[in-house]
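Listed here are the chains, written in short residue letters.
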Amino acid sequence: MPRYVLFHKPYGVLSQFTPEDGARSLAEFDLPSGIYPAGRLDKDSEGLLLLTDDGPLIEQLLNPRNAKPKTYWALVERVPDEAALQRLRSGLRIEDYQTRPCEAKILAPQPEVPPRTPPVRVRKTVQDVWLEITLVEGKNRQVRKMTAAIGHPTLRLVRQSLANLSLAGLLPGQWREIARADIAWQPDTGSKPTCSRPKNPKQRR
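Residues numbered from 1 in each chain as written. Predicted model: local features only at pLDDT ≥ 70, side-chain atom pairs only at ≥ 80, totals over all residues. Heavy atoms only, no water.

Draft legend 1. Spotlight on the confidence of the model for the protein chain. Taken as a whole, the protein chain shows an average pLDDT of 89; of its residues, 90% reach a score of 70 or greater. Here residues 186–197 is modelled with pLDDT under 50, and outside its nearest four sequence neighbours on either side it reaches 21 contacts, counting other chains as well. (pLDDT = per-residue confidence, 0-100. Contact = heavy atoms within 4.5 Å.)

Draft legend 2. Broad picture of the pairing of strand β8 (residues 128–135). Counting buried positions along β8 yields six of eight residues, so the element is predominantly enclosed. Inspection of the sheet shows strand β4 (residues 70–77) paired to β8 by eight bridges, in the antiparallel sense. For threonine 71, the partnering residue across the bridge sits in β8 and is threonine 134. Pairing of strand β7 (residues 103–106) with β8, which is carried by four bridges, proceeds in the antiparallel orientation. The partner of lysine 105 across the bridge, within β8, is glutamate 132. (Buried < 20%, exposed > 50% of the residue type's maximum accessible area, 1.4 Å probe, protein only. Helix = DSSP H or I, 4+ residues; strand = E, 2+ residues; numbered from the N terminus. Pairing = 2+ DSSP bridges.)

Draft legend 3. A look at unusual backbone geometry. Of note, the bond from alanine 108 into proline 109 is cis; its omega dihedral lies within 30 degrees of zero at 0 degrees. Within the element layout of this structure, proline 109 appears in the loop between β7 and β8. Here the amide bond leading from threonine 117 into proline 118 is cis, since omega sits at 0 degrees, within 30 degrees of zero. If you trace the backbone, proline 118 turns up in the loop between β7 and β8. Positive phi values are uncommon outside glycine, yet aspartate 21 reaches one of about 55 degrees. One can find aspartate 21 in the loop between β1 (4–9) and β2 (36–37). For aspartate 21, a relative accessible area of 79% translates into the label exposed.

Now the structure itself:
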């Protein structure tokens, strides 16, 4: 029977089980054997990964024709004004690509986010702020490129949700299994994952 796992990928960890160039990998988090990431996060990004051994589901997820909303929290340098946020929402040019319209807002109140190792640099003279950005596409390093294009570089990026699946309740390095029936590609399905207790990383596979 296929297995489905939600994992909170920490900063500095590759979205693969094979270490590379000295970087950490998924192999150290005692995940079930035989599962693979359905999609990826960059090494310097954090947050929700879905892992499974369900090949057809992975193909469905990776097909760009199947638009799936993905919500990110981005800690950006300085506070964007409404005009800058509207540029994100309307779509903008990054390199040779025009982004599709998205949702973007300043989180109020600002969220409590688990500390990162190493921590984000702090400058006393510059105010950083968390944005919430929801996309239905996933170009390489897209959120970082979008915030840079409006003059607010991303300092930290955490994926909070993928379709109806949420990072809620998982600390960095923790994971939990869900059922196939809990995975839906419409965010308003009302489906809530039936989850086991989060697992803490204890040993290498």
